[in-house]
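Structural description and commentary
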Amino acid sequence: MTDTTLQLLADRAAIADTLHRYTAGLDFGDADLLSSSLTEDATVDLTPATGKIGLDFPVLAPRETVVGVLIPAVGPLDTSHVVSNIRTTVDGDTANARAYAMAQHFPPGDGPKPDRTRQALMMNRYDADLVRDGEIWRIRRLTIDSAWFSGDPTVLLGE
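Everything in this summary refers to the structure shown in the same document. (Residues numbered from 1 in each chain as written. Predicted model: local features only at pLDDT ≥ 70, side-chain atom pairs only at ≥ 80, totals over all residues. Heavy atoms only, no water.)

1. Some points on the nonpolar core
Note on soluble globular proteins: their nonpolar side chains tend to be buried together. In terms of nonpolar packing, the biggest core is built from 35 residues, with Leu19, Tyr22, Leu34, Leu38, Leu70, Ile139 and Leu142 touching the most fellow members. Elements that contribute at least two residues to this core include exactly helix 1 (3-27), strand 1 (38-45), helix 4 (63-74), strand 3 (94-106), strand 4 (120-133) and strand 5 (136-151). Here Ile139 is in contact with Thr18, Leu19, Tyr22, Ser37, Leu38, Thr39, Ala42, Ala128, Asp129 and Leu130, once residues within four sequence places are set aside. (Core = buried A, V, L, I, M, F, W, Y, C linked by side-chain atoms within 4.5 Å. Buried < 20%, exposed > 50% of the residue type's maximum accessible area, 1.4 Å probe, protein only. Helix = DSSP H or I, 4+ residues; strand = E, 2+ residues; numbered from the N terminus. Contact = heavy atoms within 4.5 Å.)

2. Thoughts on helix 4
Taking 1.5 Å of rise per residue, the 12 residues of helix 4 would be expected to cover 16 Å, and the 16 Å separating its terminal C-alpha atoms lies within 8% of that figure. Considered for burial, the residues of helix 4 that qualify are Val66, Val67, Leu70, Ile71 and Val74. For helix 4, the angular spread of buried residues about the axis comes to 105°, placing them on one side. Exposed residues on helix 4 whose side chains face more than 90 degrees from its buried face are Glu64 and Pro72. For helix 4, the elements touching its buried residues are helix 1, helix 2 (31-36), strand 1 and strand 2 (78-91). (Expected span 1.5 Å × (residues − 1). Arc of directions from axis to C-beta.)

3. Let's talk about the layout of surface pockets
Of the voids in this model, the largest pocket is the one considered here, and its volume is about 310 Å³. Along its surface, the largest pocket is lined by 20 residues, and Leu46, Val74, His105, Met122 and Leu156 are the ones closest to its centre. Put simply, the parts of the chain that give the lining of the largest pocket at least two residues each are helix 1, helix 3 (47-52), helix 4, strand 3 and strand 4. (1 Å grid on protein atoms, 1.4 Å probe; cavity = no way out; pocket = protein on both sides within 12 Å on 5 of 7 lines; lining within 4 Å. Points joined across faces, edges and corners; volume = space filled by probe spheres on them.)

Quick look at the structure:
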């Protein structure tokens, strides 16, 4: 195995870790973890996904705004995000990643209840541009589109 192949494998693993840090930050309401996945000038665009389910949600930028909006909005919910089918293209210190992220959302405290009735389940497509920052990768731009949705979209609003 060549050094180039090993570096590509290491980069792909680090990029997957970046997507996992982003979603775990949401699931655990962890602002520091979410921040660690984003560049300072990051842009997160959920409008393709939220528009499809009738929600009006702005494009978020920079990182301080992304974290400041998403942690209070998603952090209190009982959520689980699962990232899969990650495909990456690496070009030096920049990369693009496309992935699926299935995200289940319940109102706070309802996730573990067997009689829960309200939920929002989304299968989203992530398209992310990333940059290398020392030993880690960070998301500079993330666009989230929805492949499908099931449930009550108002759960995502904390209603």
